[in-house]
Amino acid sequence: MSRSTVKISLGTFTCMGIEAHLGSDLALGVREALANYTRQLDSESPPPAIPRFATGAQTAGPERSLDLPVDEGTWEALELEAARQGTTASALAAHSVLVYLAEIDRLTPASAA
């Protein structure tokens, strides 16, 4: 299986969310988010699109920047969806993490937070 690399910049808020909900391994948290996002692309309930104000935006002063190896299927899905939404695969990857964190937060009972 061929692998590609996606460069993703994570701001402080995103890093804190990954650490709070998924643990200290940022790369693992991003991989989980990407897998969830790409699965949803083909579902009856697709994930939210990247907001128009964020399509060309870069994270101001990223806390962390990762070069994350991803499988070819994930890369192709990111590239196709990014082109459809008029953004980059990197921006869409960062967006997918925020979408995933929002879903986790929404599904976590207040007493468990």
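Our subject is the structure that appears above.
Because the structure is a prediction, the values reported are computed rather than measured.

Asks: Before we move on, could you go through the packing of helix H2 (residues 26-41) against helix H4 (residues 89-107) and cite the residues and values that matter?
Replies: For any two helices packed against each other, one specifies the inter-axial angle together with the distance between the axes. In contact at an axis separation of 8 Å, H2 and H4 are set at 90° when each is read in the N-to-C sense. Classed by the angle they form, the pair H2 and H4 counts as roughly perpendicular. The residues of H4 that touch H2, namely those facing Val30, Glu32, Ala33, Leu34, Asn36, Tyr37 and Gln40, are Leu92, Ala93, His95, Ser96, Val97, Val99, Tyr100 and Glu103. In terms of residue class, the contact of H2 with H4 is made up of 9 nonpolar, 4 polar and 2 charged.

Asks: Just give me the short version of the nonpolar core, but keep the residues and values in it.
Replies: Considering soluble globular proteins, one finds that nonpolar side chains tend to be buried as a cluster. Ile8, Leu10, Val30, Leu34 and Val97 are the most contacted members of the largest nonpolar core, which totals 27 residues. Sort the elements by how many residues they give to this core and H4 lands first, with 10 residues. Aside from chain neighbours lying at most four places away, what touches Val97 is Ile8, Leu10, Thr14, Ile18, Val30 and Ala33.

Asks: Give me the packing of helix H3 (residues 72-85) against H4: which residues, what numbers.
Replies: Running from N to C, H3 and H4 cross one another at 100°; their axes reach a closest spacing of 8 Å. Judged by the inter-axis angle, H3 sits roughly perpendicular to H4. Of the residues in H4, those in contact with Trp75, Leu78, Glu79, Glu81, Ala82 and Gln85 of H3 are Ala89, Leu92 and Ala93.

Asks: Explain the side chain of His95 to me, and be specific about the residues and the numbers.
Replies: In this structure, His95 sits in helix H4. Here His95 falls in the buried class, since its relative accessible area comes to 10%. Side-chain polar atoms of His95 contact the backbone oxygen of Pro48, separated by 2.9 Å. A polar contact of 3.4 Å, which involves the side chain of His95, links it to the backbone oxygen of Ala49. Residues in contact with His95, not counting those within four places in the same chain, are Tyr37, Pro48, Ala49, Ile50 and Pro51.

The rules we used
Residues numbered from 1 in each chain as written. Predicted model: local features only at pLDDT ≥ 70, side-chain atom pairs only at ≥ 80, totals over all residues. Heavy atoms only, no water. Axes fitted to C-alpha atoms, helices over the stretch in contact; angles between N-to-C directions. Helix = DSSP H or I, 4+ residues; strand = E, 2+ residues; numbered from the N terminus. Parallel < 35°, antiparallel > 145°, perpendicular 65-115°, else oblique. Contact = heavy atoms within 4.5 Å. Nonpolar A, V, L, I, M, F, W, Y, C, P; charged D, E, K, R; others polar. Core = buried A, V, L, I, M, F, W, Y, C linked by side-chain atoms within 4.5 Å. Buried < 20%, exposed > 50% of the residue type's maximum accessible area, 1.4 Å probe, protein only. Polar contact = N/O pair within 3.5 Å; in protein donor to acceptor, adjacent residues only side chain to side chain.

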